[in-house]
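Notes for the structure review
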Amino acid sequence: ALAGTKSPGVVKEVSSRRNTRKPPTPYNTTAFTTDASSRLGITPASAMRIAEDLYMDGFISYPRTDNTVYPASLPTRELVSALVRRPNFSAGAFLLDGDLRPTRGKKETTDHPPIYPTQAINPEALEGPKRRVYELVARRFLATFAPPMVSESTRADIEAGSETYFVRGSVVVDPGFAAIYTYARSADTELPKLEQGQELALEGEPWILDKETQPPSRISQGKLIELMEERGLGTKATRAEIIQKLYDRGYVFSNPPEPSETGIAMYK
């Protein structure tokens, strides 16, 4: 609603609260398929097929794992050094300035390590979905060695003519791990740095939002995988396949999944 006057807007008050967001933990199967779904829009079943292809090509580790703690034997400095020499991942070069201490998840097993890139390759050499999945795995791996992201939740009250408006958003103070794991940032919620007394040029016609309370958004396939793991439904090897079978048999459709009439009838 800032576009309601020809007068310049003046920032009257800015209030902020600083937030620190920890870097992510190493990928296990559930976290990987959840991210592939939410960050890349790739279904869990497709993400696992692509990951298995990348594993067979020797580019990433075995993608079926519960582990979220890197083994001590992993040559982390060698891998990080090789990755940040690639243009796509050069934003992570600062990681080599200090000790490489990765985050640790809650699950530590000895069957397979977390999912990580076993080779530093140029993602552009891979085709479409393979490139995006490899880059996701590589960026997640680098992010586990990075510092937290520091941001400020900001509200600015802006006076324009006889009207007062406000805007809310966040200002990134230090991107930390999000400099590498770029999926963690949202341009839609970020604001430029605003200061009290600052003038803002306002243009256009006024507008008003007329909203009603909306139902909760549908659960994504990635979130569904997480819920299945929490409830002990399926295994890391079968959860994505179970969801895919619901689609194949016509019990659900669309993405995020919605129950079909057949699916609802089966449930009843």
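Description of the structure in this document.

Rules used throughout
- Residues numbered from 1 in each chain as written.
- Predicted model: local features only at pLDDT ≥ 70, side-chain atom pairs only at ≥ 80, totals over all residues.
- Heavy atoms only, no water.
- Core = buried A, V, L, I, M, F, W, Y, C linked by side-chain atoms within 4.5 Å.
- Buried < 20%, exposed > 50% of the residue type's maximum accessible area, 1.4 Å probe, protein only.
- Helix = DSSP H or I, 4+ residues; strand = E, 2+ residues; numbered from the N terminus.
- Contact = heavy atoms within 4.5 Å.
- Phe/Tyr/Trp six-rings, centres within 6.5 Å; stacked < 30°, edge-to-face > 60°.
- Polar contact = N/O pair within 3.5 Å; in protein donor to acceptor, adjacent residues only side chain to side chain.
- Salt bridge = Lys/Arg side-chain N within 4 Å of Asp/Glu carboxyl O.
- 1 Å grid on protein atoms, 1.4 Å probe; cavity = no way out; pocket = protein on both sides within 12 Å on 5 of 7 lines; lining within 4 Å.
- Points joined across faces, edges and corners; volume = space filled by probe spheres on them.
- Pairing = 2+ DSSP bridges.
- Axes fitted to C-alpha atoms, helices over the stretch in contact; angles between N-to-C directions.
- Left-handed = near helix turned anticlockwise from the far one by under 90°.
- Nonpolar A, V, L, I, M, F, W, Y, C, P; charged D, E, K, R; others polar.

Here we come to the nonpolar core. Most often, soluble globular proteins keep nonpolar side chains buried together rather than apart. Residues Phe-32, Tyr-134, Phe-141 and Leu-142 are the most contacted members of the largest nonpolar core, which totals 50 residues. Among the secondary structure elements, those contributing two or more residues to this core are helix 1 (29-40), helix 2 (44-56), helix 3 (76-84), helix 4 (128-143), helix 5 (221-230) and helix 6 (239-248). Considering every element that reaches this core, the biggest residue donor is helix 4, with eight residues. Not counting residues within four places of it along the chain, the set of residues in contact with Phe-141 comprises Tyr-70, Leu-74, Leu-79, Val-80, Leu-83, Tyr-116 and Pro-117.

This brings us to the packing of aromatic side chains. One pass over the full model with this rule turns up eight aromatic pairs. With centroids separated by 5.5 Å and ring planes inclined at 70°, the aromatic side chains of Tyr-70 and Phe-141 adopt a geometry described as edge-to-face. A residue pair is termed long-range when its members are at least 10 positions apart, and Tyr-70 in the loop between helix 2 and helix 3 and Phe-141 in helix 4 qualify at 71 residues. Across this residue pair, the class does not change: Tyr-70 and Phe-141 are buried.

As for its placement among the helices and strands, Thr-34 is situated in helix 1. A polar contact is formed between the side chain of Thr-34 and the backbone oxygen of Thr-30, at a distance of 2.8 Å. A distance of 3.0 Å separates a polar atom in the side chain of Thr-34 from the backbone oxygen of Gly-222. Dropping the residues within four chain positions of it, Thr-34 is found in contact with Gly-222, Lys-223 and Glu-226.

A few words now on the pattern of salt bridges. Applying the stated rule across the entire model yields 13 salt bridges. In this structure, Glu-108 engages Arg-104 in a salt bridge whose closest nitrogen and oxygen atoms are separated by 3.1 Å. Here Glu-108 and Arg-104 have matching classes, each one exposed.

The subject of this paragraph is empty space enclosed by the protein. Applying the stated criterion to the full structure yields one cavity of 30 Å³ or more. Estimated volume of the largest cavity: approximately 50 Å³. Lining the largest cavity, in full, are Thr-29, Thr-30, Thr-33, Met-48, Arg-64, Ile-225, Thr-235, Lys-236, Ala-237, Arg-239 and Ala-240. Mapped by element, the contributors of at least two residues to the lining of the largest cavity are helix 1 and helix 6. Among the elements that take part in the lining of the largest cavity, helix 1 stands out by supplying three residues, more than any other.

Looking now at the pairing of strand 2 (residues 149-160). Counting buried residues in strand 2 gives nine out of twelve residues, a clear majority hidden from the surface. Where strand 1 (residues 9-21) lies against strand 2, eleven bridges are found, and the strand directions are antiparallel. Within strand 2, the residue paired with Val-11 across the bridge is Ile-158. Examined bridge by bridge, strand 2 and strand 3 (residues 163-174) share eleven bridges and lie antiparallel to one another.

Okay, the packing of helix 1 against helix 4 next. Close contact between helix 1 and helix 4 brings their axes to 11 Å; oriented N to C, the two are set at 120°. For the crossing formed where helix 1 meets helix 4, the hand is right-handed. Where helix 1 approaches helix 4, its residues Ala-31, Phe-32, Asp-35, Ala-36 and Leu-40 are matched on the opposing element by Arg-132, Val-133, Leu-136, Val-137 and Arg-140. Residue composition of the contact of helix 1 with helix 4, grouped by class: seven nonpolar, no polar and three charged.

Put simply, Asn-255 and Pro-256 share a cis peptide bond, and its omega is 10°. Checked against the element boundaries, Pro-256 lands in the loop between strand 5 (252-253) and strand 6 (258-259). Here Ser-254, not a glycine, exhibits a phi torsion of approximately 65°, which is positive. With respect to the helices, strands and loops of the structure, Ser-254 is situated in the loop between strand 5 and strand 6. With a relative accessible area of 37%, Ser-254 lands in the partly exposed category.

A separate point is the sheet that holds strand 1. Remark on secondary structure: sheet strands pair via backbone hydrogen bonds, oriented parallel or antiparallel. One open sheet accounts for four strands, arranged 3-2-1-4; its pairing is antiparallel. Edge strands, defined here as strands with exactly one partner in the open sheet, are strand 3 and strand 4 (199-200). Bridge analysis of strand 1 against strand 4 gives two bridges, and the strand direction is antiparallel. Bridge pairing links Val-10 to Glu-199 in strand 4.

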